[in-house]
Amino acid sequence: MLIGVLKEQNFNRVSITPGVAKKLAPMGLTKWVEAGAGEKSGYTDKSYEDSDFKPSSREEILTQADIIVSIEPISNEEMAKMKKGSLYISMFAPYQDTEVVPNLAKFPIHVVSMDMIPRTTLAQSMDVLSSMASLAGYKAVLKAADYYNNMFPMMMTAAGTIAPARVMVLGAGVAGLQAIATARKLGAIVEAFDTRTAAREEVKSLGANFVEVEGATDDKGAGGYAVQQSEEYLSRQRALVQEKALKSNIIIATAQVRGRKAPVLVSEDTINNMKPGSVIVDLAASTGGNCAYTENNKIIVRNGVTIIGDSNLSDDIGGVASNLFANNIVNFLQIVVKDGVMNLDENNEIIKSALISKAN
Ligand code: NAD
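Bear in mind that the values here come from a model prediction, so they are computed numbers and not experimental data.

Visitor: I tried to follow the domain arrangement of the protein chain on my own but got confused; where do I start?
Guide: Interfaces are often described in size by the accessible area the parts lose on coming together. What the domain assignment reports for the protein chain is domain 1 (2-127 + 318-357) and domain 2 (148-311). Centre-to-centre separation of domain 1 and domain 2, based on C-alpha positions: 33 Å. With 5 residues of domain 1 at the contact, the number on the domain 2 side is 6 residues. For the domain 1 face of the interface with domain 2, the top three residues by lost area are Y95, Q96 and R119, together amounting to 88%. For the pair domain 1 and domain 2, the number of links is 0 salt bridges. Taken together, the connections running from domain 1 to domain 2 amount to 1 residue pair in polar contact (both at pLDDT 80 or more).

Following this line, the structure appears as structure tokens:
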């Protein structure tokens, strides 16, 4: 059985790194990688060859592999080239686009979308959303520090005392908690909002202040995800965010509701009244953003406040992000491929959730 790793067209990352070869070997897989696939994340063709991957052309992989992996989905034209009954693993975010599944049904291939892996303890090692969110939370703070014209830690110098930065984190999920931890390590004073009550203790344990807006709808049956809040709740939350934002230097915005537009928590009025020099990093940018002025994949300045809209910050640290992604993929393959045979057993809850289209 042949596995092929495609080169990403728009990312620095690569979906499978040479380091996971040892874990792939017992599965009985022959390994091909598109030439140059790891270049931007620091993995040379030579390093793949040393780990028994054969650098190949995109065409060879598309037409001959039994399992194909990429982070960003390939086009319909390329999927049409894949072998009947082969498995394609990528990230389709079908919860954001109702056209995805009907479109995939046109192809005689199996499709696994890694963003559909359930958020359960058993599936944790395959959870690409968590791996990437964690790195994005870390990188968001470093990016903010880079654009901020002041510094994070308190410092006493002969020329005067520097006050610590005040950081507000909106959404204390995987990315938010990592952002809190990173900002605290850099010496900032941190506070965070979340609608899920479970987040309170996690925020506090990282040494940040948890800001609560009473009356949030919290659904434990939502698979760990937040649910949409009422407009009345969001408007009370915006008022409290404004009060806190006026004292903040940095906002890391990560609040999302799966399958819906992100809640706007930082209003135009808030930004127009924030301290010039402040920085907002909006990780929810791809789903509309938590900030009224956010533009996805753009850095804009309003009232002297820099607003960075970027939901893909793990891509800025492509080396480690590729490695974690690769581990997630291999952990998934371990439940699907044994002794060179693929078995997409839908009695397994993880496979059932992630398999969004089947060859027919
Ligand atoms: P996410 O990216 O969908 O959302 C980020 C955060 O925004 C969430 O914490 C959410 O509660 C919060 N949010 C939504 N609306 C908000 C609002 N109006 N104000 C403030 N915050 C708001 O979520 P995520 O980070 O991918 O995961 C959320 C949770 O899922 C985790 O914290 C965890 O409890 C659970 N989870 C479990 C596992 C597992 O068990 N394997 C893995 C990953 C995540």
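Having put the structure on the table, let's press on.
Visitor: What is the right way to read the sheet that holds strand β2 (residues 30-34) from this model?
Guide: Two strands in a sheet stick together by hydrogen bonds in their backbones, pointing the same way (parallel) or opposite ways (antiparallel). Here 7 strands make up an open sheet; going across it, the order is β3-β2-β1-β4-β5-β6-β18 and the pairing mixed. A strand with exactly one partner marks an edge of an open sheet, and here the two such strands are β3 (53-56) and β18 (355-357). Here the average twist between neighbouring strands, direction ignored, is 25°. Examined bridge by bridge, strand β4 (residues 67-69) and strand β5 (residues 87-90) share 3 bridges and lie parallel to one another.

Visitor: Where do I start with the pattern of salt bridges in this structure?
Guide: Taken as a whole and judged by the stated rule, the model has 15 salt bridges. Here E295 ties to K298 by a salt bridge, and the two come within 3.3 Å at their closest N and O atoms. Look at K298 and you get partly exposed, because its relative accessible area is 42%. The shortest N-O distance in the salt bridge between K358 and E346 comes to 2.7 Å. In this pair, K358 is assigned in the segment after β18 and E346 in the loop between β17 (341-342) and α12 (349-354), connecting sequence segments 12 residues apart. With a relative accessible area of 43%, K358 lands in the partly exposed category.

What counts, and at which threshold
Residues numbered from 1 in each chain as written. Predicted model: local features only at pLDDT ≥ 70, side-chain atom pairs only at ≥ 80, totals over all residues. Heavy atoms only, no water. Domains from an automatic or database assignment. Contact = heavy atoms within 4.5 Å. Buried area = accessible area lost by both parts, 1.4 Å probe. Salt bridge = Lys/Arg side-chain N within 4 Å of Asp/Glu carboxyl O. Polar contact = N/O pair within 3.5 Å; in protein donor to acceptor, adjacent residues only side chain to side chain. Pairing = 2+ DSSP bridges. Helix = DSSP H or I, 4+ residues; strand = E, 2+ residues; numbered from the N terminus. Axes fitted to C-alpha atoms, helices over the stretch in contact; angles between N-to-C directions. Buried < 20%, exposed > 50% of the residue type's maximum accessible area, 1.4 Å probe, protein only.

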